[in-house]
Amino acid sequence: MGDLLLVRHGETEWSMSGRHTGSTDVPLTDNGREQARRLRPLIARHHIAAAFVSPMRRARETAELAGIGHAHVDTDLREWDYGGYEGVTTVEIHRERPDWFLFTDGVVPGPPEHPGESPDEVGVRAERALARIDAALAESEGSVVVVSHGHFLRVLTARRLGLSAQAGAVFQLGTGTMSRLSTEHRRHVVAGWNVRPDAYCSHDSFSSADSAGEGAEEH
């Protein structure tokens, strides 16, 4: 079975400022577009059998600029529905809820069209996406690439490893990065994490976790 490659979209104005960006369809910044372009050599090292992308513009543009063609748009790959915290920073939330933590507390309700999600609800979406990913992996010896969002990919990774959705908290993920989930002795493992093209110096550097990246305040 091939690997599962996870790409977080490039930088946006909202990711720069730490605003929770779920349903708001903000575009990439110029730097975000450059981040996406620089992912091409990392992705080119792999035989891509299938590609899936979030419907949000920032993800679709990242996929295109990174050379990921014919990606299937999968609505389950959208970012966490932040409900009433859409567009709000963690610093602002902590003024009223000093101990608030997304991965354990979830969000406050939002409007009917975006009511918000609990960690477990995001985990259910991740499991549905993983079922389609596994079907694609089973049909080919190549790898599957997914272009999505920071918090969602962290939950998807946790579920892939058999952990709770809440355990996604430990997987820091910066914009414009690529990570690799593989198998060892028929068990899912992290083979490369949060790798930026400028940190990619040798054949082996993508085979180990790379801690280079932006801070944990990523959306």
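Residues numbered from 1 in each chain as written. Predicted model: local features only at pLDDT ≥ 70, side-chain atom pairs only at ≥ 80, totals over all residues. Heavy atoms only, no water.

Looking at the overall build of the chain
A tally of regular secondary structure across the chain gives 8 helices and 6 strands. Of the regular secondary structure in the chain, the N- to C-terminal order runs β-α-α-α-β-α-β-α-α-α-β-α-β-β. Rg of the C-alpha trace for the chain: 16 Å, near the compact-globule value of 17 Å for 219 residues, within the 12% margin. Taking all 219 residues of the chain together, 53% fall into the buried category. Considering only contacts in the chain between residues 6 or more positions apart, those separated by 24 or more positions represent 67%. For the chain, the exposed area adds up to about 9,900 Å²; of that, 50% sits on carbon and sulfur atoms. Put simply, the chain has 23 plus and 32 minus side-chain charges, and the middle of one group is 3 Å from the middle of the other. (Helix = DSSP H or I, 4+ residues; strand = E, 2+ residues; numbered from the N terminus. Rg over C-alpha atoms; globule rule 2.2 N^0.38 Å. Buried < 20%, exposed > 50% of the residue type's maximum accessible area, 1.4 Å probe, protein only. Contact = heavy atoms within 4.5 Å. Areas by Shrake-Rupley, 256 points an atom, 1.4 Å probe, with all protein chains shown as cover. Lys, Arg positive; Asp, Glu negative; His and termini not counted. Charge placed at Lys NZ, Arg CZ, Asp CG, Glu CD.)

Points about unusual backbone geometry
Phi angles above zero are rare outside glycine, and His70 is one such case at about 55°. Looking at where His70 falls in the secondary structure, it is placed in the loop between helix 4 (57-65) and strand 3 (72-73). Looking at His70, the relative accessible area reads 85%, which means it is exposed. In this model, His185 sits at a positive phi of 55°, which is unusual for a non-glycine residue. Summarising the element assignment, His185 is placed in the loop between strand 5 (178-184) and strand 6 (187-195). Residue His185 is classed as exposed on the basis of its relative accessible area, which comes to 73%.

Details of the confidence of the model for the chain
Per-residue confidence for the chain averages 92 on the pLDDT scale, and 90% of its residues sit at or above 70. Predicted confidence is poor over residues 201-218, with pLDDT under 50, and the contacts of this stretch with residues over four places away or in other chains come to 44 contacts. (pLDDT = per-residue confidence, 0-100.)

Considering the sheet that holds strand 3
The 6 strands lie next to each other as 3-2-4-1-5-6, forming an open sheet whose pairing is mixed. The open sheet has two edge strands, strand 3 and strand 6, and neither has a second partner. Relative to the sheet, helix 7 (residues 119-138) contacts strand 1 (4-8), strand 2 (48-53) and strand 4 (143-148), its axis offset from that of strand 4 by approximately 150°. (Pairing = 2+ DSSP bridges. Axes fitted to C-alpha atoms, helices over the stretch in contact; angles between N-to-C directions.)

Side note on the side chain of Arg180
The topology assignment puts Arg180 in strand 5. A distance of 3.0 Å separates a polar atom in the side chain of Arg180 from a polar atom in the side chain of Asp3. (Polar contact = N/O pair within 3.5 Å; in protein donor to acceptor, adjacent residues only side chain to side chain.)

Observations regarding the nonpolar core
Core analysis: the biggest nonpolar cluster contains 33 residues, and Leu4, Val144, Val146 and Leu156 have the highest contact counts within it. Of all elements in the fold, only strand 1, strand 2, helix 6 (102-105), helix 7, strand 4 and helix 8 (150-160) reach the threshold of two or more residues within this core. A per-element tally of this core places helix 7 first, with 7 residues. Beyond its immediate chain neighbours, meaning those up to four positions away, Val144 contacts Asp3, Leu4, Leu5, Ala50, Phe52, Ile133, Ala136 and Leu137. (Core = buried A, V, L, I, M, F, W, Y, C linked by side-chain atoms within 4.5 Å.)

Structural notes on the pattern of salt bridges
Tallied over the full model, the rule gives 10 salt bridges. Residue Arg159 pairs with Glu127 through a salt bridge whose shortest N-O separation is 2.7 Å. Placement of Arg159 in helix 8 and of Glu127 in helix 7 is noted, with a sequence separation of 32 residues between them. Residue Arg159 is classed as partly exposed on the basis of its relative accessible area of 26%. A residue is classified by how much of its surface remains accessible, and Glu127, at 36% relative accessible area, is partly exposed. Where salt bridges share partners, they join Asp74, Asp76, Arg128 and Arg132 into one cluster. (Salt bridge = Lys/Arg side-chain N within 4 Å of Asp/Glu carboxyl O.)

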